[in-house]
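# Descriptive analysis of the structure
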Amino acid sequence: QGGFTGPLLAVNQRPVLLDGVPACTRVADLPLAPELAVICTPPASVPGLIGELGARGTRAAVVLTAGLDASQRQAMLDAAKPYLLRILGPNGIGMLVPSSGLNASFAHIGAAAGELAFVSQSGALVTAMLDWAQGRGIGFSQVVSLGEHADIDFGDMLDWLASDPHTRAILLYIESVTAARKFMSAARAAARNKPVIVVKSGRSQQGQRAAASHTGALAGADWVIDAAIRRAGMLRVDTLQDLFQAAETLARWRGNQADRLLVLTNGGGAGVMAADAAANVGIELAELAPATLARLDAVLPANWSHGNPVDIIGDAPVQRYVDTLQALAGDPAADAVLFVHAPTAIVPSADIARALVPLVRPAPGQPPRLLGCWLGGPAVAAAHQQFFDAGIACYPTPEEAVRAFAMLVDYRRNQAQLLETPAALVADTVDHSAQRAAVAQLVRQVLAEGRGLLTEPEAKTVLSAYGIPVVATRFVAMQPGVDGQAAAADDVVAAAQAIGFPVALKIVSPAINHKSDVGGVALDLEDAAALRAAVAAMLARVAQRRPDAVLAGFSVQAMVRRSQARELIVGASVDPVFGPVILFGQGGTAVELLADRAIGLPPLNEPLARDLVRRTRVAKLLGAWRDTPAANMGALHAVLIAVSDMLADLPE
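Because the structure is a prediction, the values reported are computed rather than measured. Counting restarts for each chain, with residues numbered from 1 along the sequence as it is written. The model is predicted, so local features are restricted to residues of pLDDT at least 70 and side-chain atom pairs to those at 80 or more, both for listing and for counting; the totals for chains, interfaces and linings are taken over all residues. Side-chain metrics rest on all non-hydrogen atoms present in the structure, leaving aside hydrogens and water.

## As for helix H14 (residues 398-418)
By the criteria applied, helices consist of DSSP H or I runs no shorter than four residues and strands consist of E runs no shorter than two, each listed in order from the N terminus. Here, expected helix span is obtained from the residue count minus one, scaled by 1.5 Å. An ideal rise of 1.5 Å per residue puts 30 Å on 21 residues; H14 measures up with 30 Å between its terminal C-alpha atoms. With a 1.4 Å probe rolled over the protein chains alone, any residue whose accessible area is under 20% of its type maximum counts as buried; one over 50% counts as exposed, and the rest are partly exposed. A large share of H14 lies buried, amounting to 15 of its 21 residues.

Put into structure tokens, the structure is as follows:
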């Protein structure tokens, strides 16, 4: 039914006619080697059939069968390996290649030919997508349901589609990523050639659990996959509708580098809606130059809005639209114009579109500058079609238009990240090689002891070796015996006198990670008496709250006092799928509750570190405001890069 004109062969246990095709009872009896096999037989039969097909000369199979257990799945892969036979599935809908008339699927409808490739981990979304696209006249170069992706996965498909001449843009529905290194390599290569747009489910914890149960794979932390998508130069969207909208907009808005928006409308309310939508997604409205304002004053009624949004009033005739666009020409603020029109009885919308198309159609070699939004239904359908036919991106509401523009800004930033290639070695004014070798030995020793956490003094040693500034810190061990507490207090005072008052005092115990939870932190200790009192009180509190914890001793640190300081967090962890990741955000004891953070993948350089900071809310507090001076951003970026180096050197 897909229109395939090549030979069709059938294999069945009984010699029957399948849709007019006589079935052989064995693969070996086929008159020629199939290029592609479609398998829909019981799970236990699949490995044997794969082996028979490989021996016959087949090099590709779509396994629709569901329910293979782990041993059957591995047996299937083992049977395919000697013949280099590639497998799509199992447990998928199959695949469609409309340009070849190929429908190797059990989707309820076929796909029209087009330039979009859709690869999905969900078979149900494949059929829904086909149905949705058919009603909107959207065609595909390929539609692929990966199923359980036992063999062919997202990395393989991205590698293939990156150089497929029939594919203009690649659309992905992802629940989980397994082979992260292959995925990132293929994604970065594909994203250099054409837009790659991703719907990644599982943003919430509930969604992650559902994805894991659906795919049988570890979904991974969503914010880590989000960082991977960004670093690979792809674009992430939230819905299937956004998926198509982004693909269409990227095709019609290619080359435009604007990140601010100018709104031109014949309705004040529509302009306010567009401005609100822009504020909600972090898009700045451009400011018009005085000369442009003067030109607009000359062609618009006195009661026009005199700013952005440019409201040319609802009674605008065709010529007022033309004059306004000509007055805006040349102003950098008009590099990206959102045109929002509501129908009126003054002039037919189609007449306005007919007059504007010659002005706004992109000239050869020039980027487009206008996005269209024709509000309404039948009254603006002809105008919308004229813009669409002229290659102008068009949207039914201001909110959708602004969201599409915001997607493009994100996409361009992600593409810039794709081109960032951090140096193999970061230049440093101090040679830390000896320190770093000692630190590597320290980490191995701690792991050999069965510990999963460094003590605070050990952690300070590691950070110092990578040039990360830390406060002066001394470790004081607990003394055994009856007078151990007094002896420890004497040693703590001696350490504080060597560092210089005021100091901070903290307990050191392998069993206690969050010291403040058990009263194990005392700050701003001004003299020896205060320090001795803090030691006694701290030991009493810890004994009461954590009698099971063994105390190794105390950490004595210089007390840093900085007025108008901002508390930030820089963290690192190892994701089970993507490996080392770096976290930056607002610090403090409420860091888990506030969740103001951004995630990046090492290695970092200055632009990547700067972008990591930019993506947090606390970034707004790092500039100068009121009587607070700006933070030292260069030092902050240097810390992020140093942590990146540390992760590369010490993956443990």
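## Re the environment of Arg562
Relative to the assigned elements, Arg562 resides in the loop between strand E23 (553-558) and strand E24 (568-575). A C-alpha to C-alpha distance of 24 Å links Arg562 and Val492, two positions 70 residues apart in sequence.

## Observations concerning the sheet that holds strand E22 (residues 521-525)
DSSP-based pairing: two strands are paired if at least 2 bridges between them are found. The 4 strands lie next to each other as E20-E23-E21-E22, forming an open sheet whose pairing is antiparallel. Edge strands, defined here as strands with exactly one partner in the open sheet, are strand E20 (473-477) and E22. When strand polarity is set aside, the average angle formed by the axes of neighbouring strands in this sheet is 20°. By the bridge criterion, 5 bridges tie E20 to E23 in an arrangement that is antiparallel. Directly across from Phe475, in E23, lies its bridge partner Ser555. Contacting strand E21 (503-508), E22 and E23, helix H18 (residues 528-545) crosses the sheet at an angle of about 25° to E21. All axes here are fitted lines through C-alpha atoms, helices being fitted over the stretch that makes contact, and every angle between N-to-C directions spans 0 to 180 degrees. Only heavy atoms matter for contacts: two residues are in contact if any of them lie within 4.5 Å across the pair.

## Let's talk about the pattern of salt bridges
Any two side chains of opposite charge can pair, on the condition that their charged atoms come close. For this analysis, a salt bridge means a side-chain nitrogen from Lys or Arg found within 4 Å of a carboxyl oxygen belonging to Asp or Glu. Per the stated rule, a full pass over the model turns up 28 salt bridges. A salt bridge links Asp156 to Arg86; its shortest N-O distance comes to 3.2 Å. Placement of Asp156 in helix H4 (residues 154-161) and of Arg86 in strand E6 (residues 86-88) is noted, with a sequence separation of 70 residues between them. Judged by relative accessible area, Arg86 falls into the partly exposed class, the value being 34%. Taking the shortest distance from any N to any O, the salt bridge between Asp351 and Arg354 comes out at 2.9 Å. On the criterion of helical spacing, the pair formed by Asp351 and Arg354 is a turn pair, its members being 3 residues apart in helix H12 (residues 349-360). Here the salt bridges do not stand alone but share partners, grouping Arg86, Asp151, Asp153, Asp156 and Lys182 into one network.

## Observations regarding unusual backbone geometry
Residue Pro90 is bonded to the preceding Gly89 through a cis peptide linkage, with omega at -5°. The omega torsion of the bond from Phe501 to Pro502 falls at -5°, within 30 degrees of zero and hence cis. Looking at the element boundaries, Pro502 is found in the loop between helix H17 (484-499) and E21. Positive phi outside glycine occurs at Leu84, with the angle close to 55°. Position of Leu84 relative to the elements: it lies in the loop between helix H2 (70-80) and E6. In this model, Ile313 sits at a positive phi of 80°, which is unusual for a non-glycine residue. As for its position among the elements, Ile313 is in the loop between strand E16 (310-311) and helix H11 (318-328). For Ile313, a relative accessible area of 18% gives the class buried.

## Brief notes about the packing of aromatic side chains
In this analysis, rings of Phe, Tyr and Trp, with Trp reduced to its six-membered ring, are considered paired at centre separations within 6.5 Å, and the interplanar angle assigns stacked below 30 degrees, edge-to-face beyond 60, and tilted for intermediate values. In this structure the tally under the stated criterion is 8 aromatic pairs. Relative to Phe387, the ring of Trp374 lies with its centre 5.1 Å away and its plane at 85°, an arrangement referred to as edge-to-face. Taken together, the positions of Trp374 in strand E18 (residues 370-374) and Phe387 in helix H13 (residues 378-389) put the pair 13 residues apart, joining distant regions of the chain. Of the two residues, Trp374 and Phe387, neither departs from the other in class, the shared state being buried. Through a chain of ring-to-ring contacts, the aromatic side chains of Tyr321, Phe339, Trp374 and Phe387 assemble into a single cluster. Remark: a charge is flagged as sitting over a ring if the NZ atom of Lys or the CZ atom of Arg is within 6 Å of the ring centre and within 35 degrees of the ring normal. Lying over the aromatic face of Phe388, Arg252 brings its terminal NZ or CZ to 3.9 Å of the ring centre. Across the ring face of Trp223, the terminal group of Arg597 is positioned such that the distance to the ring centre comes to 4.4 Å.

## Focus on the nonpolar core
In globular proteins that are soluble, nonpolar side chains generally tend to be buried together. In terms of nonpolar packing, the biggest core is built from 50 residues, with Phe118, Phe140 and Leu338 touching the most fellow members. Per-element tally for this core: the top contributor is H14, with 9 residues. With residues up to four places along the chain from it excluded, the contact list for Leu338 reads Leu261, Leu262, Val263, Leu264, Ala274, Leu371, Cys373, Pro398, Ala401 and Val402. Judged by nonpolar contacts, the second largest core, of 43 residues, contains Ile170, Ala186, Ala187 and Ala228. What makes a nonpolar core is a set of buried Ala, Val, Leu, Ile, Met, Phe, Trp, Tyr and Cys residues whose side-chain atoms join them at distances within 4.5 Å.

## Considerations on the sheet that holds strand E1 (residues 10-11)
Strands sit in the order E1-E3-E2 across an open sheet of 3 strands; the sheet is mixed. Looking at the sheet topology across the chains shown, the edges are occupied by E1 and strand E2 (17-18). Across 2 bridges, E1 lies against strand E3 (residues 21-24) in parallel orientation. The residue of E3 that forms the bridge with Ala10 is Ala23.

## Points about empty space enclosed by the protein
Site definitions follow a grid-based scheme: protein atoms alone, a 1 Å grid, a 1.4 Å probe that fits but cannot get out for cavities, and for pockets an open set with protein on both sides within 12 Å along at least five of seven lines, plus lining residues having an atom within 4 Å of a point. Grid points are joined across faces, edges and corners, and a volume is the space filled by probe spheres set on the points. With the rule as written, the count across this model stands at 2 cavities of 30 Å³ or more. Here the largest cavity defines a volume of roughly 80 Å³. Looking at the largest cavity, the residues that line it are Ala227, Arg230, Arg231, Gln417, Ile599, Gly600, Leu601, Leu604, Leu608, Asp611, Leu612 and Arg615. The class makeup of the residues in the lining of the largest cavity is 6 nonpolar, 2 polar and 4 charged. Under the convention adopted here, Pro, Cys and the residues Ala, Val, Leu, Ile, Met, Phe, Trp and Tyr are nonpolar, Asp, Glu, Lys and Arg are charged, and Gly plus all remaining residues are polar.

## As for the packing of helix H10 (residues 290-299) against H11
A pair of packed helices can be characterised by two numbers: the angle between their axes and the separation between those axes. Taken N-terminus to C-terminus, the directions of H10 and H11 make an angle of 165°; their axes are 9 Å apart at the nearest point. In terms of axis orientation, H10 runs roughly antiparallel to H11. For the pair H10 and H11, the crossing hand works out as right-handed. For the pair H10 and H11, the contacting residues are Thr292, Arg295, Leu296 and Val299 in the first and Arg320, Asp323, Thr324, Ala327 and Leu328 in the second. Considering only residue class, the contact of H10 with H11 consists of 4 nonpolar, 2 polar and 3 charged. Any angle between 65 and 115 degrees counts as roughly perpendicular, while under 35 counts as roughly parallel, over 145 as roughly antiparallel, and the rest as oblique. Helix crossings fall into two classes, left-handed where the near helix is turned counterclockwise from the far one by less than a right angle and right-handed where it is turned clockwise.

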